[in-house]
Structures are given as structure tokens and as C-alpha cells.
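Residues per chain, in single letters:
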Amino acid sequence: NLGERDRIRALLELHISDDDLWHAFNMEKLKEVLHEPRREEDLKRPVKNYLRDEWGLVGVAAEVPLGPKASRTATKADIVGYKTVFLGRTQFYGVELKSAPTKGAIRQAFAQAKEYQQHCDFAAACFSPLVYMNYLDDLDKEIKEPQYRGVGVWVANSEKVLYELRKASLTDVTRKNQEGLVDRIKERQY
């Protein structure tokens, strides 16, 4: 009974490249194996569960307007959650979800997560497995950009968050930018 390392070694000895392996799968089968989300919405539940289970958040909501006034033109975060930490202080976590397999979507996800840092103590961009696998170099380039320092980078499928490429760092947020955010999260919890 071959173990995973034995199989990989056997493939290497047979001069099977990773490109050959990619082509051996048809795209539908690959999506099935990876539990690739069919749409961005399919990432909401696994991200919510991860924020609750791993980060200890007590409230998580989708499509939350950011900013103290939360007007119609306010930025809406894909996912925002919160928890109370020492001395009753509330910390907020914002996550931008992307499953569109394009370079533009990757750049947009980082820019939006950066914008979340104006309102959230922690911000991350979360990508699907196929986006991660097909655009690893582009993700790496954005991760290295100084302007995106502190933005977390996650990979999630339709079942769970698989990996944190980079943990989100605590940002210095003005409390005024967080006014009313707990109430907006409570209104939209899922």
C-alpha cells in the first residue's frame, strides 16, 4: 500500500510533471476534488465558521456597510465579525472573498481588504483553491507589496478555510470609524 510520499516519488521517477498531472484532470473533476466554490457566496459559511472557531468571534455578518454613518455609498465588507477583548474593547475582523480566477480580481481583493483596515482591526483577503493554484505568483507579488502589509491572505473552499498564507496583523484603527458597527453586524448575522 503506497503512501503519499511514495506515490509522489514514483511520479517524479516516471518524469511526470505537475503540468501533466493538471492535464490529467478535467476541470469539473478538479473542482469537485478541491471543493471549489461555485460562486463567492459559497465561501461565506466556511469563513464564518473559521472566524468563530479559530478567532473566537461572537458575531459574524455578510455585506456589512463600513464607516460611522453607513450610508448607501459606504463600502460593504463581504464578511465582518467582532469579539470583545481586554477591558471591554471590541475588535473587528473584515474578510474580502474572491473566487473569480483573474489577476484583476486578485488586485481588487487586496485593495478592498486594505480599505477594510480603515474600519477593522484585522483584515484579510480570502481566495478559492483554484485561484490560489492558478495565480500563486500574482498572489505572492501582491503579498510583497508594502501597501498591503498586515492584510491576511487565506485560501478556503466551500467546506473550510484551508490555509492562512499570511496572518492578518493588528492595525491602528480610529474608534470613530467603528461607530455602530456591532449593531450593523447584529442586524445581518447569518
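Per-chain numbering applies: the sequence of each chain, read as written, is numbered from 1 onward. Confidence filtering applies because this is a predicted model: local features only for residues at pLDDT of at least 70, side-chain atom pairs given and counted only at 80 or more, and all residues used for totals across whole chains, interfaces and linings. Just so you know, side-chain values use all the structure's heavy atoms and leave hydrogens and water out.

Section: the sheet that holds strand β6 (residues 161–166)
Taken in spatial order, the six strands make up an open sheet running β1-β2-β3-β4-β5-β6, and their pairing is mixed. In the strand order of this sheet, the two ends are held by β1 (59–65) and β6, each with one partner. Within the sheet, the average angular offset between the axes of one strand and its neighbour, ignoring direction, is 30°. Two elements, strand β2 (residues 76–84) and strand β3 (residues 90–98), share six bridges in a ladder whose sense is antiparallel. For G81, the partnering residue across the bridge sits in β3 and is Y93. Any two residues whose heavy atoms approach within 4.5 Å are treated as being in contact. Throughout, an axis means a line fitted to C-alpha atoms (over the contacting stretch in the case of helices), and angles, computed between N-to-C directions, take values from 0 to 180 degrees. By the criteria applied, helices consist of DSSP H or I runs no shorter than four residues and strands consist of E runs no shorter than two, each listed in order from the N terminus. Sitting on the sheet, helix α8 (residues 181–188) is in contact with β1, β2 and β3, with an inclination near 100° to β1. A pair of strands counts as paired when DSSP detects no fewer than two bridges linking them.

Considering helix α5 (residues 103–116)
Helix span, as expected, comes to 1.5 Å for every residue beyond the first. The end-to-end C-alpha distance of α5, which contains 14 residues, comes to 20 Å, matching closely the 20 Å that a straight helix rising 1.5 Å per residue would cover. Within the span of α5, buried status applies to A105, I106, A109, F110, A113 and Y116. Along the long axis of α5, the arc covered by the buried residues comes to 135°, so they all point the same way. In this structure, the buried residues of α5 make contact with β2, β3, β4 (122–127), α6 (129–134), α7 (136–144) and β5 (152–156). Burial classes follow relative accessibility: with a 1.4 Å probe on protein chains only, a residue under 20% of its type's maximum area counts as buried, one over 50% as exposed, and anything between as partly exposed. An arc is given here, and it is the one of the directions from the helix axis to the C-beta atoms.

Here's the deal with the pairing of β5
Regular strands have side chains that alternate between both faces of the sheet. Most of β5 sits inside the fold, with five of its five residues counted as buried. Neither face of β5 is left uncovered, since the one carrying G152, W154 and A156 and the one carrying V153 and V155 both have all their residues buried. Sheet analysis places β5 next to β6, joined by four bridges and oriented antiparallel. For V155, the partnering residue across the bridge sits in β6 and is Y163. Here β5 hands over to β6 after four residues, the two strands then running antiparallel side by side.

Taken by themselves, the reported measurements are silent on function.
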